[in-house]
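Residues per chain, in single letters:
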Amino acid sequence: AQSVTQLDSQVPVFEEAPVELRCNYSSSVSVYLFWYVQYPNQGLQLLLKYLSGSTLVKGINGFEAEFNKSQTSFHLRKPSVHISDTAEYFCAVIQGGSEKLVFGKGTKLTVNP
Amino acid sequence: DAGITQSPRHKVTETGTPVTLRCHQTENHRYMYWYRQDPGHGLRLIHYSYGVKDTDKGEVSDGYSVSRSKTEDFLLTLESATSSQTSVYFCAISDGGFTEAFFGQGTRLTVV
């Protein structure tokens, strides 16, 4: 069964600093990877996804992620964060041949002035 | 915004009572999911559906049942609510093929 590990539960950063949110997955077969964001008191919305092709994926709001098959990772990055990026970020995976969408425990990103 | 509505949005119920949460979609998407969100646990899959009358268990299905008698509605039932089921419940829909999943606004359930 697939699983997702988000290595940091909380990440505080200063405004305009770069940030990396880490995600590792486990699966013995092909996977499809997603990052979702949840703003306070809201549902989740898709930031970006990796299905195949280029391992560097660009998403909304200046975020990007890199799929690394050898390290089974899909880390999310942004070169310069804003206060408005404060939210909780979830990594998720679908295993090939399934439509079961499984999430990690989330990383709370706090951007301080 | 995707047409997905959860009801009720808030509910307080007593231990031992049955509770049904409803997820309604207007997108005609094939797949529907129920998750619970708890601090420190992220989103955990309870049940999901891949078509009318076709459902499967997720990672935390004990104490929950689901039904999908028509494409647009996916019901989550707590047969006998317990305090451990106090949580925020999210419904999600997708068209499959690894497309984006759209989430409802959530239902905050408190079992006292």
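Residues numbered from 1 in each chain as written. Chains lettered and ligands numbered in written order. Predicted model: local features only at pLDDT ≥ 70, side-chain atom pairs only at ≥ 80, totals over all residues. Heavy atoms only, no water.

## Here we look at the overall build of chain A
Quick reminder of the rule: A helix here means a DSSP run of H or I that spans at least four residues, while a strand means a run of E at least two residues long, and both kinds are numbered starting from the N terminus. Just to be clear, the radius of gyration here is over C-alpha atoms, and the globule rule we use is 2.2 Å times residues to the power 0.38. Exposure classes here rest on a 1.4 Å probe applied to the protein chains alone. A residue is buried below 20% of its type maximum, exposed above 50%, and partly exposed in between. Whether two residues touch is decided by their heavy atoms; if any such pair falls within 4.5 Å, the residues are in contact. For this count, His and the chain ends are skipped, Lys and Arg are scored as positive, and Asp and Glu as negative. Every charge is mapped to an atom, namely NZ of Lys, CZ of Arg, CG of Asp or CD of Glu.
When helices and strands are counted, chain A shows 0 helices and 12 strands. Ordered by position from the N terminus, the helices and strands of chain A form the series β-β-β-β-β-β-β-β-β-β-β-β. Its C-alpha radius of gyration of 13 Å places chain A within 12% of the 13 Å reference for a compact globule of 113 residues. Projecting the C-alpha coordinates of chain A onto the three principal axes gives extents of approximately 45 × 30 × 20 Å. Out of the 113 residues in chain A, the part that is buried amounts to 47%. A separation of at least 24 residues holds for 56% of the contacts in chain A among residues at least 6 apart in sequence. With 9 positive and 9 negative side-chain charges, chain A shows a separation of 8 Å between the mean positions of the two kinds.

## Some remarks on the pattern of salt bridges
Pairing between side chains becomes possible if they bear opposite charge and their charged atoms approach one another. Note the threshold: Throughout this description, the term salt bridge denotes a Lys or Arg side-chain nitrogen within 4 Å of a carboxyl oxygen of Asp or Glu.
By the definition in use, this model includes 9 salt bridges over all chains. For B:R44, the salt bridge goes to B:D38, with nearest N and O atoms at 2.9 Å. Connected via shared salt-bridge partners are A:E20, A:E66 and A:R77.

## Quick look at the interface of chain B and chain A
For interface size, the figure often reported is the accessible area lost on association. Test applied: Accessible area that two parts lose when put together, evaluated with a 1.4 Å probe and summed over both, is termed the buried area. Counted as a polar contact is a pair of N or O atoms within 3.5 Å, where, for protein atoms, one must be capable of donating a hydrogen and the other of accepting one, and residues adjacent in sequence contribute only when both atoms are in side chains. The residue classification treats Ala, Val, Leu, Ile, Met, Phe, Trp, Tyr, Cys and Pro as nonpolar and Asp, Glu, Lys and Arg as charged. All others, Gly included, are polar.
Taken together, the contact between chain B and chain A spans 22 residues of the former and 21 residues of the latter. Summed over both sides, the interface of chain B with chain A buries roughly 1800 Å², with 57% coming from carbon and sulfur. Of all residues in chain B, B:L43, B:F98 and B:F103 give up the largest surface area on contact with chain A, accounting jointly for 34% of the area buried on that side. The tally of links between chain B and chain A comes to 0 salt bridges. At the boundary of chain B with chain A, the tally comes to 4 residue pairs in polar contact (both at pLDDT 80 or more). Looking at the side of chain B that touches chain A, the elements that each hand over two or more residues are β4 (31–38) and β5 (42–51) of chain B. The residue makeup of the side of chain B that touches chain A, split by class, is 10 nonpolar, 9 polar and 3 charged.

## Quick look at the nonpolar core
Put simply, the test is: Definition of nonpolar core: a set of buried residues of the types Ala, Val, Leu, Ile, Met, Phe, Trp, Tyr and Cys, connected through side-chain atoms within 4.5 Å.
Counting residues in each nonpolar core, the largest one holds 29 residues, and the members touching the most others are A:L33, A:W35, A:L47, A:L48, A:F74, A:L76 and A:Y89. Leaving out residues up to four positions away in the same chain, A:L48 has contacts with A:L33, A:F34, A:W35, A:V57, A:K58, A:G59, A:F63, A:E64, A:A65, A:F74 and A:L76. A:F34, A:I94, B:L43 and B:L45 belong to the second largest nonpolar core, which has 22 residues in total.

Remember that the coordinates give geometry; whether it matters functionally is a separate question.
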